[in-house]
Amino acid sequence: MIARLITAHKPDHDRMVGLHQRYKCSLAGVPIFTRKFLDQTKINAQLNNDFFSDIIDTKVGYFLGIPITYSYMEPEKDPETGEPIATELQTKKMVDQKLSDFVRRENVPEVDAEASKFAAICGYGARLCYIGTDGEEHIENAYPWECIFLVDDNDIQRPEYAVRYWEEATGDKDQKTVIKAEFYDSTTITYFRQDKSADNQPVGLSFSPDPEESPNPRPHMFAECPLLGFPNNNEMQGDCEKVLSLIDAYDRTLSDVNSELEQMRLAYMLIYGVGKIDDEFMEQVKKTGAIGFEAPINEGGGDARFIEKNLNVQAVEAHLDRLCNDIYYFAGSPNFRDQAFAGNISGVALKFKLFKLESKCITAEREITTALRQMFRVIGEKWKIEEVPFDPDRVEFQFKRNFPLNLQDEAQTTSMLRGQISEKTRLGLLSFIEDPEAELMEMDKDNAKMAAGLLGEEGEDAQPGDEEDDTGGVTSE
């Protein structure tokens, strides 16, 4: 079964490996780098225009440039007193501390960004939860081309079974390699291997239990499959897969134009009106840089000039501009070289230009939220054993776009909303305020200090010589 799964997965494996190689701009990954002409004497420029990684990095930077904030849902309030229920308040403090320790220990912002990057490149990312030798729960990203999820309806965030496989060298003198595979279910990991010979051919017809792993199978200490997927969208398609042909066309066009320009350096010279042109004559031309004629050109004398190749520069430029615009448009990514981004454009106009990118991020946000909730459902079982009353459905994920700030527009907008909505909601609209509740508490403290005459009107501590006037303000001597 393992052999059949890996064989069936090979087209997806090769596709994702190729996309990742393309993101890295490797010689084997970018088609223009391997282009060859039948006529080897022709100049073959191979120019790669890295639209691919620009589209990926822009999306990941905008989507997760500001890390996801993890928190536990606010405790329910007592209907009689209106105060938070004491037991739930204690639970929130305990779980928030657990979440904070986990995020810091596992460097979760970086792990999330890498999972999102692989999803944008390959169509989905993969993450493995495991218990380390320190007894703590840990997470790590796995290469998506090494992971197979046995699911229905592309629901790879909640797999019942999963396989992870990779190839590694055995370290023997005969340079054999082996394919190792791990099969995950809700309780155990089963280890398999398939030996390969020095000529990279499988030894045997199928996989067998790995003798180097004991016990085999081995419990993974969770209650659900710990290997889960992070899809980019429901089709599990990368952000650049729809525009690969356009990117290749751009590379070919620019490379061919560059080749033509370089080929001109080998231009031919046209000489007429000279009786004999031999090697001695051409050597003299190269040495002196001049050619003499017995009579002027207008009197029937000779002439010499280079044969020029006429390029339709405007047509080439228009073609490249059209390809560039189509690449960014159909990839749903902004082209920051566009003149529309020049100058200090308003926040509304900037958001309109980023609309397609924002739409992609909204889709990715839904997918990654489902995956993160499943991740906490997996590791949360261990927290329950540690007597932490944890409910994964109450974990909240706050996404904030890495958006260029226009504080003047934000201040004007929120100022007009004063009194129309709650202060907590109004402050939450300001991009530079991360925690509206904490900000409200600080504002209450400042108001209390001002009422007591301990704070100046500009928010600074009042000086010893200041005194309060009859209206409750602070005046200075």
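## Some thoughts on the sheet that holds strand 2 (residues 124-131)
Piece 1. Taken in spatial order, the three strands line up as 3-2-10 in an open sheet, and their pairing is antiparallel. This sheet does not close on itself; its edge strands, each paired only once, are strand 3 (137-142) and strand 10 (227-231). Ignoring which end each strand starts from, the neighbouring axes of this sheet average 30 degrees apart.
Piece 2. Relative to strand 10, strand 2 is paired through five bridges, and the arrangement is antiparallel. Bridged to leucine 128 within strand 10 is leucine 227.

## Some details on the packing of helix 1 (residues 2-23) against helix 2 (residues 51-64)
Piece 1. Orientation of helix 1 relative to helix 2, taken along the N-to-C sense of each, is 95 degrees, at an axis distance of 8 Å. Regarding the angle of helix 1 to helix 2, the classification is roughly perpendicular. Residue-level contacts link Leu19, Arg22 and Tyr23 of helix 1 to Phe52, Ser53, Ile56 and Asp57 of helix 2.
Piece 2. When its residues are assigned to classes, the contact of helix 1 with helix 2 shows four nonpolar, one polar and two charged.

## Examining the layout of surface pockets
With a probe scaled to a water molecule rolled over the atoms, the places where space remains empty come into view.
Piece 1. When its volume is computed, the second largest pocket comes out at roughly 620 Å³.
Piece 2. Lining the second largest pocket are 20 residues, with Thr69, Gln398, Glu434, Asp435 and Pro436 sitting closest to its centre.
Piece 3. Those elements that provide at least two residues to the lining of the second largest pocket are strand 1 (69-72), helix 3 (86-105), strand 13 (395-398) and helix 12 (436-451).
Piece 4. Here the element with the most residues in the lining of the second largest pocket is helix 12; it accounts for four residues.

## Here we look at the packing of aromatic side chains
Piece 1. Within this structure, the stated rule accounts for 18 aromatic pairs.
Piece 2. With 5.6 Å between their ring centres and 70 degrees between their planes, phenylalanine 51 and tyrosine 328 make a pair best called edge-to-face. A residue pair is termed long-range when its members are at least 10 positions apart, and phenylalanine 51 in helix 2 and tyrosine 328 in helix 7 (residues 313-331) qualify at 277 residues.
Piece 3. Each member of the aromatic cluster is reached from another via a ring pair, and the members are Tyr70, Tyr72, Phe102, Phe376, Trp383, Phe390 and Phe397.

## Things to note about the nonpolar core
Across soluble globular proteins, nonpolar side chains show a tendency to be buried alongside one another.
Piece 1. With 39 residues, the main nonpolar core has Ile56, Phe149, Leu227 and Ile327 as its most contacted residues.
Piece 2. Counting residues per element, the ones that place at least two in this core are helix 1, helix 2, helix 4 (108-122), strand 2, strand 4 (147-150), strand 7 (188-196), helix 5 (244-263) and helix 7.
Piece 3. No other element matches the six residues that helix 7 contributes to this core.
Piece 4. The residues contacting leucine 227, other than those within four sequence positions of it, are Arg127, Leu128, Cys147, Phe149, Pro159, Ala162, Val163, Arg164 and Tyr184.
Piece 5. Counting 37 residues, the second-largest nonpolar core is a separate cluster that includes Phe63, Tyr70, Tyr72 and Leu354.

What counts as what
- Residues numbered from 1 in each chain as written.
- Predicted model: local features only at pLDDT ≥ 70, side-chain atom pairs only at ≥ 80, totals over all residues.
- Heavy atoms only, no water.
- Pairing = 2+ DSSP bridges.
- Helix = DSSP H or I, 4+ residues; strand = E, 2+ residues; numbered from the N terminus.
- Axes fitted to C-alpha atoms, helices over the stretch in contact; angles between N-to-C directions.
- Parallel < 35°, antiparallel > 145°, perpendicular 65-115°, else oblique.
- Contact = heavy atoms within 4.5 Å.
- Nonpolar A, V, L, I, M, F, W, Y, C, P; charged D, E, K, R; others polar.
- 1 Å grid on protein atoms, 1.4 Å probe; cavity = no way out; pocket = protein on both sides within 12 Å on 5 of 7 lines; lining within 4 Å.
- Points joined across faces, edges and corners; volume = space filled by probe spheres on them.
- Phe/Tyr/Trp six-rings, centres within 6.5 Å; stacked < 30°, edge-to-face > 60°.
- Core = buried A, V, L, I, M, F, W, Y, C linked by side-chain atoms within 4.5 Å.
- Buried < 20%, exposed > 50% of the residue type's maximum accessible area, 1.4 Å probe, protein only.

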